[in-house]
Amino acid sequence: MSLGSHITELRKKHQVLSDQVERAARSPGVDDLAIADLKKQKLRIKEEIARLEQA
């Protein structure tokens, strides 16, 4: 997989997580820890994208 396509896949995953966080935040039954976990995953992907773009 090329670097460009890897970054594209990471961006897609980041967007999916963003959508999940948004839906979870609007749902009253979703645990705050679950939302925090999604946000951590999202941040890890964002950091990975930034690291790869600087390479």
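Preceding this section is the structure that the text describes.
Fair warning: this is a prediction, and the values are worked out from it, not measured in the lab.

Conventions we followed
Residues numbered from 1 in each chain as written. Predicted model: local features only at pLDDT ≥ 70, side-chain atom pairs only at ≥ 80, totals over all residues. Heavy atoms only, no water. Helix = DSSP H or I, 4+ residues; strand = E, 2+ residues; numbered from the N terminus. Rg over C-alpha atoms; globule rule 2.2 N^0.38 Å. Buried < 20%, exposed > 50% of the residue type's maximum accessible area, 1.4 Å probe, protein only. Contact = heavy atoms within 4.5 Å. Expected span 1.5 Å × (residues − 1). Polar contact = N/O pair within 3.5 Å; in protein donor to acceptor, adjacent residues only side chain to side chain. Core = buried A, V, L, I, M, F, W, Y, C linked by side-chain atoms within 4.5 Å. Salt bridge = Lys/Arg side-chain N within 4 Å of Asp/Glu carboxyl O.

## A short note on the overall build of the protein chain
From N to C terminus, the protein chain includes 2 helices and 0 strands. Here the protein chain has a C-alpha radius of gyration of 13 Å; the compact-globule value for 55 residues is 10 Å, and the former is much larger. Across its three principal axes, the protein chain shows a C-alpha extent of roughly 40 × 15 × 15 Å. A buried classification covers 22% of the 55 residues belonging to the protein chain.

## Remarks on the side chain of H14
The residue H14 is located in helix 1 (residues 3–26) in this model. Judged by its relative accessible area of 19%, H14 falls in the buried class. The contact partners of H14, leaving out residues within four places of it in the chain, are K42, I45 and K46.

## Here's the deal with helix 2 (residues 32–54)
The end-to-end C-alpha separation of helix 2 is 33 Å, in line with the 33 Å expected for 23 residues at 1.5 Å each. Of the residues making up helix 2, those classed as buried are I35, L38, I45, I49 and L52.

## Some words on the side chain of S18
Mapped onto the secondary structure, S18 falls in helix 1. A polar side-chain atom of S18 sits 3.3 Å from a polar atom in the side chain of K42.

## A look at helix 1
Helix length check: helix 1, at 24 residues, gives a terminal C-alpha distance of 35 Å against a target of 34 Å (1.5 Å per residue), a fit within 8%. Among the residues of helix 1, those classed as buried are I7, L10, H14, L17, S18, V21 and A24. Against helix 2 lie the buried residues of helix 1.

## Here we look at the nonpolar core
The biggest cluster of nonpolar side chains holds 10 residues, and these are I7, L10, L17, V21, A24, I35, L38, I45, I49 and L52. Elements with a minimum of two residues in this core: helix 1 and helix 2. Other than its neighbours up to four places away in sequence, L17 contacts L38, Q41, K42 and I45.

## Looking at the pattern of salt bridges
Per the stated rule, a full pass over the model turns up 4 salt bridges. Salt-bridge contacts for K12 lead to E9; the nearest nitrogen and oxygen are separated by 3.5 Å. Taken together, the positions of K12 and E9, both in helix 1 and 3 residues apart, correspond to about one turn of that helix. Under the relative-accessibility criterion, E9 is labelled partly exposed at 34%. For E22, the salt bridge is made with R26, and the minimal N-O distance between the two is 3.4 Å. One end of the pair, E22, and the other, R26, are both in helix 1, 4 residues apart, so they sit about a helical turn from each other.

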